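Read off the chains here:
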Amino acid sequence: MTRGRGLTRLDEERPRPRSGTSHEGIPVHSWRDAGGYRGSRTTPGIKLEVRMRGKNQQTPKPTEAELGILNVLWERGASTVRDIHEAHYRDDGTGYTTSLKMLQIMHAKGLVERDDSQRAHVYRAAISKENNQKRFLSDMVQRVFDGSPSQLVLQALGGQPKASREELDEIRALLDNLESGKRP
């Protein structure tokens, strides 16, 4: 059974107590996402229970909201929750605690690293922007363009907005390097 943002309940793997409550009598909801992250939350207040992924498991793909936070970290470098909140959520009215919770979840998933040696925790991206772009692009080529990178390029160059002269020159240079056997 699916819950919320692609999260799957753990009922099949780890049976919950018959009453659906914790040993303290608090209702518990458990889930697992595609990246191997497992969590549970209790109804009054939030309790996060995390089991880390194994070393051979890949970091999960970031969600849209997580990508927004990662873009701030890639642009600004290591930042506090307050800095990230002001940069990313400044205009939409989202609360500071939402930013904090997102960063805690991202830390549990391995998307960000946290330095908690100071009072204000400092977060930095644990995955590079380039690797993330390659991963999303590879997935898109497989799912949308039947594994054909040339179809992706043709669609990108033929669409709107048109590629600039500088971008086309860059693409020609890349193609020349690929033909001559050089790596970009």
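Position numbers for residues start from 1 in each chain and track the written sequence from start to end. Confidence filtering applies because this is a predicted model: local features only for residues at pLDDT of at least 70, side-chain atom pairs given and counted only at 80 or more, and all residues used for totals across whole chains, interfaces and linings. As a rule here, side-chain values come from all non-hydrogen atoms in the structure, and water together with hydrogens is ignored.

1. Quick notes on the packing of helix H2 (residues 81-88) against helix H3 (residues 96-109)
The contact between H2 and H3 brings their axes to 9 Å, and the two run at 115°. As the angle between them shows, H2 and H3 are arranged roughly perpendicular. Judged by the sense of rotation from one axis to the other, the crossing of H2 with H3 is right-handed. Across the interface between the two elements, Val 81, Arg 82, Ile 84 and His 85 of H2 pack against Tyr 96, Ser 99, Leu 100 and Leu 103 of H3. Polarity classes work like this: nonpolar for Ala, Val, Leu, Ile, Met, Phe, Trp, Tyr, Cys and Pro, charged for Asp, Glu, Lys and Arg, and polar for all others, with Gly in that last group. Classifying every residue of the contact of H2 with H3 by side-chain character gives five nonpolar, two polar and one charged. Axis definition: a line fitted to C-alpha atoms, over the contacting stretch in the case of helices. Angles run 0 to 180 degrees between N-to-C directions. Secondary structure is summarised from DSSP: a helix means a run of H or I of at least four residues, a strand means a run of E of at least two, and numbering begins at the N terminus for each. Orientation is classified from the angle alone, with under 35 degrees giving roughly parallel, over 145 giving roughly antiparallel, 65 to 115 giving roughly perpendicular, and any other angle giving oblique. Note on convention: near helix rotated counterclockwise from far helix by under a right angle means a left-handed crossing. Clockwise means right-handed. Contacts are assigned to residue pairs with any non-hydrogen atoms lying within 4.5 Å of each other.

2. Some details on unusual backbone geometry
Positive phi, normally seen in glycine, also occurs at Asp 146, with a value near 50°. In this fold, Asp 146 is placed in the loop between helix H4 (129-144) and helix H5 (149-158). Under the scheme applied here, a residue whose accessible area is under 20% of the maximum for its type counts as buried, over 50% as exposed, and between as partly exposed, the area being computed with a 1.4 Å probe on protein chains only. By relative accessible area, Asp 146 is classed as exposed at 74%.

3. A few points about the pattern of salt bridges
When a carboxyl oxygen of Asp or Glu lies within 4 Å of a side-chain nitrogen of Lys or Arg, that pair is called a salt bridge. A complete count under the given rule lists six salt bridges for this structure. For Lys 61, the salt bridge identified is with Asp 139, shortest N-O distance 2.7 Å. On the criterion of sequence distance, the pair formed by Lys 61 in the loop between strand E4 (38-42) and helix H1 (64-76) and Asp 139 in helix H4 is long-range, its members being 78 residues apart. According to the relative accessible area criterion, Lys 61 is partly exposed, its value standing at 33%. Asp 169 serves as the salt-bridge partner of Arg 172, at 3.5 Å between the closest nitrogen and oxygen. With Arg 172 and Asp 169 both in helix H6 (residues 165-179), this residue pair falls three residues apart, about one helical turn. Judged by its relative accessible area of 44%, Arg 172 falls in the partly exposed class. Through salt bridges with shared partners, one network takes in Lys 61, Asp 139 and Arg 143.

4. Describing the pairing of strand E6 (residues 112-115)
Looking at chain direction, E6 and strand E7 (residues 122-125) are connected through four bridges and run antiparallel. Counterpart to Arg 114 in the pairing with E7 is Tyr 123. When DSSP finds two or more bridges between two strands, those strands count as paired. Two successive antiparallel strands, E6 and E7, enclose a turn made up of six residues.

5. A few points about the confidence of the model for the chain
pLDDT measures how confident the predictor is about each residue, on a scale from 0 to 100. On average, residues of the chain score 76 in pLDDT, and 67% of them are at 70 or above. Within the model, the stretch residues 1-19 combines pLDDT values under 50 with 31 contacts to residues more than four positions away or in other chains. When the criterion is pLDDT under 50, residues 40-52 qualifies, and its contacts beyond four places in sequence or with other chains add up to 36 contacts.

6. Re the packing of aromatic side chains
For Phe, Tyr and Trp, where Trp contributes only its six-membered ring, two rings pair if their centres lie within 6.5 Å, and the inter-plane angle classes them as stacked under 30 degrees, edge-to-face over 60, or tilted in between. Inspection of every chain in the model, using the stated rule, returns zero aromatic pairs. The positively charged end of Lys 61 is found above the aromatic ring belonging to Phe 136, 5.6 Å away from the centroid. A ring is scored as having a charge over it whenever the NZ atom of a lysine or the CZ atom of an arginine sits within 6 Å of its centre and within 35 degrees of its normal.

7. Some details on the nonpolar core
Grouping buried Ala, Val, Leu, Ile, Met, Phe, Trp, Tyr and Cys residues that are joined through side-chain atoms within 4.5 Å yields what is termed a nonpolar core. Membership of the largest hydrophobic core comes to 15 residues, with the highest contact counts inside it found for Ile 69 and Ile 84. If you list the elements that add at least two residues to this core, you get H1, H2, H3 and E7. It is H1 that contributes the most residues to this core, four residues altogether.

8. What about the environment of Asn 132?
Relative to the assigned elements, Asn 132 resides in helix H4. Leave out the neighbours within four places in its chain, and Asn 132 touches Pro 62, Leu 67, Trp 74 and Ile 127.

9. Description of the environment of Leu 73
Structurally, Leu 73 is set in helix H1. By relative accessible area, Leu 73 is classed as buried at 4%. Counting along the chain gives 11 residues from Leu 73 to Ile 84, while the straight-line C-alpha distance between them is 7.6 Å. In this view, Leu 73 contacts Ser 79, Ile 84, Val 112, Tyr 123, Arg 124 and Ala 125; residues no more than four positions away in its chain are not counted.

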